[in-house]
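Close look at the chain arrangement
Below, each chain spelled out in residue letters.
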Amino acid sequence: MLPTITVDVGTTSVKLCLFDARGTLLASARHSTPTVMDAWGEIYDIAALTGGLSDFIRGLDAADRTSVERIAITGVGESGGLVRPDLSLASPMILWHDHRGASYLESLSADDRALLYRVTGLPTNANYGLSKTAWALENAEGSTEGAVWLNISEYLAALMTGQRWSEYSLASRTMALDLESATWSPEVAALVGLDVSIYPELRPATAGSGIAAAFANEVGLSGSVVVHVAGHDHMVGGVGAGLQPGELLNSTGTTEGLLFAQTAPSLDEHAARSKLANGISNTGADFTLFASIPTGGSAFATLQSMLGLTPEALSACISDLSVRYAAGQIDPREAPLVLPQFRGSPPPTKRASARGIISGIRSDTSVEDIVFGTFLGMTLQFRDVLELFPQTPQSIKVIGPASKNPLWLSLKADLLGTPLSVSRFPEVVSRGAQLLASGQAPDSDAAREWQACGPEDVPVDAGRNATLAEWYDDIRSKWEYFKGAPA
Amino acid sequence: MTLVAGIDSSTQTCKVTVRDLATGATVREGKASHPPETIVDPEVWWTALLTAVRRAGGLDDVAAVSVSGQQHTPIFLDAAGNAVADSPLWNDTGSHAQMVDLNNELGRDEWIRRTGLPLTLSDTVTKIRWLRDVNPDAAARTEAVAVVHDWLTWRLMGYGPGTGGIDRLTTDRSEASGTAYWSGETGEYTLDLFEHAFGKSAVLPTVLGPLETAGLTGSGIPGIPAGIPIGVGSGDNAAAAIALGLAEGDAVLSLGTSGVVYTRTAKPVHDYAGYVCSYADATGDHLPLVATLNAARNFDLGAALLGCTYDELSDLALQASAGAEGLTLLPYFEGERTPDLPHERGSLHNASRVNFTRPNFARAVIEGTLASQTAMLDALQECGVNPSRLLLIGGAAQSPAVQQILTQMVDIPVIVPAFDEYVTKGAAMQAAVTLTGEFPTWAVSAVELDMAPMEPRITEQHESAKAALGYSELVPSLQLTDQS
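Residues numbered from 1 in each chain as written. Chains lettered and ligands numbered in written order. Predicted model: local features only at pLDDT ≥ 70, side-chain atom pairs only at ≥ 80, totals over all residues.

1. Details of the confidence of the model for chain B
Selection rule: Per residue, pLDDT captures the predictor's confidence, and it can take any value from 0 to 100.
Across chain B, the average pLDDT comes to 93, with 98% of residues at or above 70. Reported confidence for the predicted complex is 0.79 by ipTM and 0.81 by pTM.

2. As for the packing of helix H11 (residues 310-319) of chain B against helix H12 (residues 358-382) of chain B
Residues and elements named next belong to chain B. Convention followed: Only the stretch in contact is used when a helix axis is fitted, and all axes are lines through C-alpha atoms; the angle between N-to-C directions ranges over 0 to 180 degrees. Counting from the N terminus, the helices are DSSP H or I runs at least four residues long and the strands are E runs at least two residues long. Oblique is the label for any angle not covered by the other classes, which are roughly parallel (under 35 degrees), roughly antiparallel (over 145) and roughly perpendicular (65 to 115). Throughout, a pair of residues is in contact if the C-beta atoms placed from their backbones lie within 7 Å. Ten residue types, Ala, Val, Leu, Ile, Met, Phe, Trp, Tyr, Cys and Pro, are classed as nonpolar, four, Asp, Glu, Lys and Arg, as charged, and the remainder, Gly among them, as polar.
Two numbers describe how H11 lies on H12: the axes approach to 7 Å, and their chain directions differ by 105°. As summarised for this structure, H11 and H12 are arranged roughly perpendicular, according to the angle between their axes. Contacts between H11 and H12 involve Leu313, Leu316, Ala317 and Gln319 from the first element and Arg358, Pro359, Ala362, Arg363 and Ile366 from the second. Across the contact of H11 with H12, the residue classes tally to 6 nonpolar, 1 polar and 2 charged.

3. Details of the environment of leucine 25 of chain A
Residues and elements named next belong to chain A. Locating leucine 25 in the fold gives a position in strand E3 (residues 25-32). Here the alpha-carbon distance between leucine 25 and glutamate 145, two residues 120 residues apart in the chain, equals 42 Å. Contact partners of leucine 25, with chain neighbours within four places excluded, come to Cys17, Phe19 and Glu427.

4. Some points on the interface of chain B and chain A
Contact with chain B, which involves 22 residues of that partner, is made by 22 residues of chain A. Elements with a minimum of two residues in the side of chain B that touches chain A: helix H10 (297-306), strand E19 (346-351) and H12 of chain B. A total of 6 residues in the side of chain B that touches chain A trace back to one element, the largest contributor, which is E19 of chain B. Looking at the side of chain B that touches chain A residue by residue, the classes come out as 9 nonpolar, 7 polar and 6 charged.

5. Some words on the nonpolar core
The condition is simple: As used here, a nonpolar core is made of buried Ala, Val, Leu, Ile, Met, Phe, Trp, Tyr and Cys residues. They are joined through C-beta atoms within 7 Å. Residue burial here comes from a neighbour count, namely the number of other C-beta atoms, placed from the backbone, that lie within 10 Å of the residue's own C-beta, with 20 or more meaning buried, 12 or fewer meaning exposed, and in between meaning partly exposed. Each domain's limits were defined by an automated method or a database of domain assignments.
By size, the foremost hydrophobic cluster in this structure holds 296 residues, and its most contacted members are Ala5, Val65, Ala241, Val252, Val261, Val290 and Leu380 of chain B. Sorting elements by how many residues they give to this core places H12 of chain B first, with 12 residues. Formed jointly, this core draws a minimum of three residues from each of two domains, domain 1 (4-234) and domain 2 (247-422 + 457-487) of chain A. For valine 65 of chain B, the residues in contact, after removing those within four places along its chain, are Ala5, Ile7, Leu59, Leu156, Thr217, Ile228, Ile230 and Ala431 of chain B.

6. A few points about unusual backbone geometry
The omega torsion across proline 347 of chain A and proline 348 of chain A is 10°, close enough to zero to call that bond cis. Structurally, the position occupied by proline 348 of chain A is in the loop between strand E19 (337-339) and strand E20 (356-361). Although it is not a glycine, glutamate 78 of chain A sits at a positive phi angle of roughly 75°. Relative to the helices and strands, glutamate 78 of chain A resides in the loop between strand E6 (70-75) and strand E7 (81-83). Its identity as a non-glycine residue notwithstanding, alanine 324 of chain B has a phi of 50°, on the positive side. Structurally, the position occupied by alanine 324 of chain B is in the loop between H11 and strand E18 (328-330).

7. Re the sheet that holds strand E15 (residues 247-252) of chain A
Residues and elements named next belong to chain A. Rules: When DSSP locates at least two bridges between a pair of strands, those strands are taken to pair.
In spatial order, the strands read E17-E18-E16-E15-E21-E22-E23; together these 7 strands make up an open sheet with mixed pairing. Looking at which strands have only one partner, the edges of the open sheet turn out to be strand E17 (277-280) and strand E23 (456-458). Averaged over all pairs of adjacent strands, the angle between strand axes in this sheet comes to 30°, irrespective of strand direction. In the sheet, strand E21 (residues 395-399) pairs with strand E22 (residues 420-422) via 3 bridges, with the strands oriented parallel. Across the sheet, the residue bridging to lysine 397 is serine 421, located in E22. This element, helix H14 (residues 367-386), spans strand E16 (256-262) and strand E18 (287-293) of the sheet and lies at about 150° to E18.

8. Brief notes about the domain arrangement of chain A
Residue and element names in this part refer to chain A. If you check the domain split of chain A, you get domain 1 (4-234) and domain 2 (247-422 + 457-487). Look at where the C-alpha atoms of domain 1 and domain 2 centre, and you get two points 28 Å apart. Between domain 1 and domain 2, the residue contacts involve 24 residues of the former and 21 residues of the latter. Those elements giving two or more residues to the side of domain 1 that touches domain 2 turn out to be helix H4 (110-120), helix H7 (168-171) and strand E14 (226-232). When the residues that make up the side of domain 1 that touches domain 2 are grouped by side-chain class, the tally is 9 nonpolar, 12 polar and 3 charged.

9. With respect to the sheet that holds E14 of chain A
Residue and element names in this part refer to chain A. Spatially, the 6 strands line up as an open sheet ordered E3-E2-E1-E6-E14-E13, and their pairing is mixed. Each of the sheet's edge strands pairs with one partner strand only, and the pair in question is E3 and strand E13 (209-210). Note: strand E1 (residues 4-9) against E6, 6 bridges, orientation parallel. Bridging from a neighbouring strand, threonine 4 pairs with arginine 70 of E6. Here helix H6 (residues 152-161) sits on the sheet in contact with E1, E6, E13 and E14, set at roughly 155° to E6. Taken strand by strand, helix H10 (residues 233-240) contacts E1, E6 and E14, and its axis lies near 105° from that of E14.

Next up, the structure:
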């Protein structure tokens with residue numbers, strides 16, 4: 001591999017790493033993802049974002065910095081804004097979960113929506129870039145002559161190189177890309193009154209552009225550095241984890257992602273009804289099938305906020321619960337039943353307006369009961385979403401913050417009845433970005449890549465598996481009722 | 001100074017206050033706890049009464065005494081006066097199946113027509129069926145059934161285990177009206193209903209009038225002088241109603257362990273919608289009443305989960321806006337009787353990462369609790385009872401958040417009487433009756449809260465959450481079908 005600076009723009013934080021040629025993490029930093037408010041909601045604070053990035057690079061050890069050969073940028077899909085040829089913004093840089101363009105989709109007929117899924121492999125949703133692009137054009141300030149739609153990662157790459165392009169995995173999250181031909185779809189763009197010229201040139205993650213001299217000088221990098229857009233963070237995580245067909249990547253962050261690598265898209269009626277999201281892999285050669293659960297790691301913040309716990313107190317609570325759970329001292333029937341839709345519902349409904357329910361609260365229900373119930377509910381929600389996929393995973397690879405949560409992991413293994421393989425390396429996404437920027441094919445030596453993440457097995461406990469199965473039989477009808485409750 | 005004593009044998013404690021007959025001012029008091037279980041040996045109530053009397057300094061200088069108590073809860077006695085079984089409290093949910101059976105056997109409306117009560121698992125009649133079902137031997141040995149205040153009054157008269165004298169058991173209209181084998185129309189027991197439920201007859205306490213005397217205290221009772229008159233006594237809410245000077249047009253919202261809304265009417269009501277229990281009061285009128293199992297203890301849970309005090313819970317709630325940004329609590333933590341959900345538990349709805357904050361949760365606890373209470377006020381109005389002011393009492397009544405939020409949920413003036421033990425006060429007034437032949441006129445100091453703009457979203461969210469769980473379907477549309 002090549003010495004690489006990786007940039008991972010997440011929902012709540014921006015992770016910056018420096019890896020050497022052996023993949024050793026030499027330096028890292030993490031900042032809150034900077035945002036500001038405009039009249040419609042939250043948008044990226046570009047100055048703060050680029051400032052933090054430049055500061056990180058300038059602050060690196062001089063020898064390490066001059067050794068850098070690649071910059072690889074990954075991050076959330078579905079974000080973006082209109083960028084003029086001079087790289088100025090013609091619109092705000094919009095967050096992934098922003099729905100300001102939703103009205104452009106409201107008038108679409110059932111046939112239009114079926115067409116959208118058939119062509120792009122995506123369920124109609126205002127998260128995706130298509131409606132945001134239409135909104136951005138209509139609400140642009142100043143000229144839009146020559147402007148193109150770029151994802152936040154792509155925009156950062158443009159600022160570093162002077163070049164505007166779109167990477168395949170991110171492009172496949174715009175709902176404007178023809179999945180099978182891997183080209184922008186005029187037919188789909190026309191549904192919201194767009195011309196495909198609003199979308200830029202497409203490239204695989206392995207194809208970068210040379211760094212602009214001005215940026216290289218500003219941050220003290222070599223002029224020979226090549227900048228890559230590594231792609232959608234969950235997919236890049238799949239590369240870092242050496243994900244192979246038949247394996248499930250459980251990517252945990254603010255949200256929780258379920259990702260399968262595929263050799264062909266799944267566009268059948270079941271996949272459409274389940275609102276599973278097809279995508280193109282980072283190399284542009286393969287496909288992915290993905291579902292996102294809105295409430296993942298964000299449940300930590302939600303619980304902290306409501307219960308008034310410090311991060312340390314919540315971690316201690318989880319550790320204690322984990323020990324008690326492993327010792328068979330927790331009866332799940334005593335815990336509240338939690339439908340953890342604190343940020344909307346996952347597939348197959350994907351309702352942004354859906355909200356969480358905590359039921360079964362008794363007079364003696366404790367903070368610990370609610371924490372346990374929340375993670376149990378998240379695990380059950382995960383299983384529901386997994387069952388939407390057309391395949392049963394041969395193995396499950398877990399990456400991200402959940403790897404530090406023994407309770408969540410044990411509950412997941414026990415409820416699914418499937419052992420987990422959990423990365424102990426914290427920055428698998430960044431590692432995947434380095435691999436892609438180094439030109440290494442994702443499947444070059446997948447097993448070796450996963451071993452490099454220091455995986456640890458989480459086995460299934462037969463007794464607890466049986467207990468959870470009994471518990472599920474008891475609560476099943478209520479759980480299904482809750483999921484169907486009006487938002 | 002002539003002194004009278006009022007005793008309140010409630011769900012959780014026994015309280016005794018000794019008061020000045022002339023003014024009603026409390027001279028001294030004592031308390032003793034009851035066990036937390038919901039099925040207990042009735043002897044614990046007698047022991048607690050004696051302990052509370054001792055802690056009140058004894059009653060040697062007292063001229064009369066009277067007892068009020070938790071409604072419904074039965075004591076099963078054999079001919080010798082021995083309890084034949086432990087007693088299920090009114091809030092023990094184990095009698096749900098018996099409530100269902102009795103409703104199925106005679107029809108829900110028949111109970112309402114005959115007794116004014118939509119039969120609940122709390123009513124005495126369901127408890128006697130429960131005994132017959134779970135302990136038929138004890139039922140067979142039962143010769144008399146009394147409720148707590150009847151039995152304590154009888155004990156004060158010197159009767160007890162082994163003494164016999166079950167024919168000397170007395171009660172009052174308010175207690176009889178909570179049995180579901182008494183008619184508010186006729187003022188008589190409906191003995192056929194008792195026998196239907198129990199499978200046999202039994203001695204029932206004589207129902208005394210409001211100004212009668214139950215008897216005189218017996219000898220040899222520690223701390224209690226022999227030969228002083230014992231007032232007729234009453235159920236706890238009826239006692240509080242006397243003490244508050246409840247008049248027609250007044251409603252009371254009592255936020256204690258359970259939540260209770262009641263008012264005073266000249267005639268009984270029959271609520272075929274199933275919310276309102278048509279009890280009698282302690283003055284000769286009626287006391288239509290609606291109750292929830294969960295009320296002030298909801299605040300215990302809220303404070304425990306938030307790791308704060310009750311005052312902090314109130315402060316937090318007042319930091320949030322009306323509706324708590326959508327966060328909504330259905331506080332059925334111990335199951336519920338209004339609506340009829342004995343096996344359900346509490347639930348929190350519409351939680352999101354944005355609204356799931358400590359202030360919103362605190363506010364949701366208080367709004368959910370009060371929404372359950374004001375729904376009962378609506379039920380009274382549907383029976384043609386339209387209160388023109390609301391008296392807020394109970395342990396949680398002094399909470400600033402409770403007061404402020406309640407004024408956003410009702411469109412009538414809210415009066416907060418100064419804190420007092422109103423049940424023991426009412427009992428003491430009944431004791432006074434035995435000396436003077438009439439109820440004393442004791443002052444009640446109170447504050448009227450400022451009216452506030454209505455916040456209908458609070459109730460709307462509560463109803464929406466109930467609908468989401470299918471709870472709204474449990475209750476037919478409210479309508480008054482008074483067949484009296």
